[in-house]
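Examination of the molecular architecture
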Amino acid sequence: TAARLWQRVLAGGGAAAGFARWGLAPGARADLLVLDLNDAALRGMPADHLLDAVVFAAPARPFRDVMVAGQWRLQAGVAPTSSAIAARFDAAMQALWSGGA
């Protein structure tokens, strides 16, 4: 099950990544995923099957919030830098379609 895989990751992942502290412990790096329980893939899912649903059944990753190394990268489904990313993407697409570089 996904829970068993998760326990294995917790047991060896921190050491493999070179972190002295790992998991939900004081001084450990703050990496968090907050599920959107209103996502269609998770709606009505019993709590004891949520991890299995996310890992094995969700067609997309139903994360509402994401924190990496103590910094929010996604909040309420929106990346803080999404408008800057969209502007760079638009510029790149315009350059591609106009033949410019």
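Please refer to the structure higher up on the page.
Residues numbered from 1 in each chain as written. Predicted model: local features only at pLDDT ≥ 70, side-chain atom pairs only at ≥ 80, totals over all residues. Heavy atoms only, no water.

**Quick word on the overall build of the protein chain**
- Helix and strand content of the protein chain: three helices and three strands.
- In the protein chain, the succession of helices and strands from N to C terminus is α-β-α-β-β-α.
- Relative to the compact-globule value of 13 Å for 101 residues, the protein chain shows a C-alpha radius of gyration of 18 Å, a clear excess of over 25%.
- With the C-alpha coordinates of the protein chain rotated into their principal frame, the extents come out at 50 × 35 × 20 Å.
- Counting across all 101 residues of the protein chain, residues that qualify as buried make up 14%.
- Looking at the protein chain alone, contacts between residues at least 24 apart form 44% of all its contacts between residues at least 6 apart.
- Roughly 7,600 Å² of accessible area belongs to the protein chain as shown, and the carbon and sulfur atoms make up 61% of that amount.
- Looking at charge distribution, the protein chain has the averaged site of its 9 positive side-chain charges lying 9 Å from that of its 7 negative ones. (Helix = DSSP H or I, 4+ residues; strand = E, 2+ residues; numbered from the N terminus. Rg over C-alpha atoms; globule rule 2.2 N^0.38 Å. Buried < 20%, exposed > 50% of the residue type's maximum accessible area, 1.4 Å probe, protein only. Contact = heavy atoms within 4.5 Å. Areas by Shrake-Rupley, 256 points an atom, 1.4 Å probe, with all protein chains shown as cover. Lys, Arg positive; Asp, Glu negative; His and termini not counted. Charge placed at Lys NZ, Arg CZ, Asp CG, Glu CD.)

**Description of the pattern of salt bridges**
- The tally for this structure, following the rule as stated, stands at two salt bridges.
- As a salt-bridge pair, Arg 29 and Asp 31 come within 2.7 Å of each other at their nearest N and O atoms.
- With a relative accessible area of 38%, Asp 31 lands in the partly exposed category. (Salt bridge = Lys/Arg side-chain N within 4 Å of Asp/Glu carboxyl O.)

**A short note on the packing of aromatic side chains**
- In this structure the tally under the stated criterion is one aromatic pair.
- When the ring of Phe 19 is compared with that of Trp 22, the centres are 5.6 Å apart and the planes differ by 10°; the resulting orientation is stacked. (Phe/Tyr/Trp six-rings, centres within 6.5 Å; stacked < 30°, edge-to-face > 60°.)

**A short note on the side chain of Asp 65**
- The topology assignment puts Asp 65 in strand 2 (residues 63-68).
- You can call Asp 65 buried: its relative accessible area is 9%.
- Within the structure, Asp 65 has its side chain in polar contact with the backbone nitrogen of Ala 76 (distance 2.7 Å).
- Ignoring sequence-local partners within four residues, the contact set of Asp 65 consists of Leu 32, Leu 33, Val 34, Trp 72, Leu 74, Gln 75 and Ala 76. (Polar contact = N/O pair within 3.5 Å; in protein donor to acceptor, adjacent residues only side chain to side chain.)

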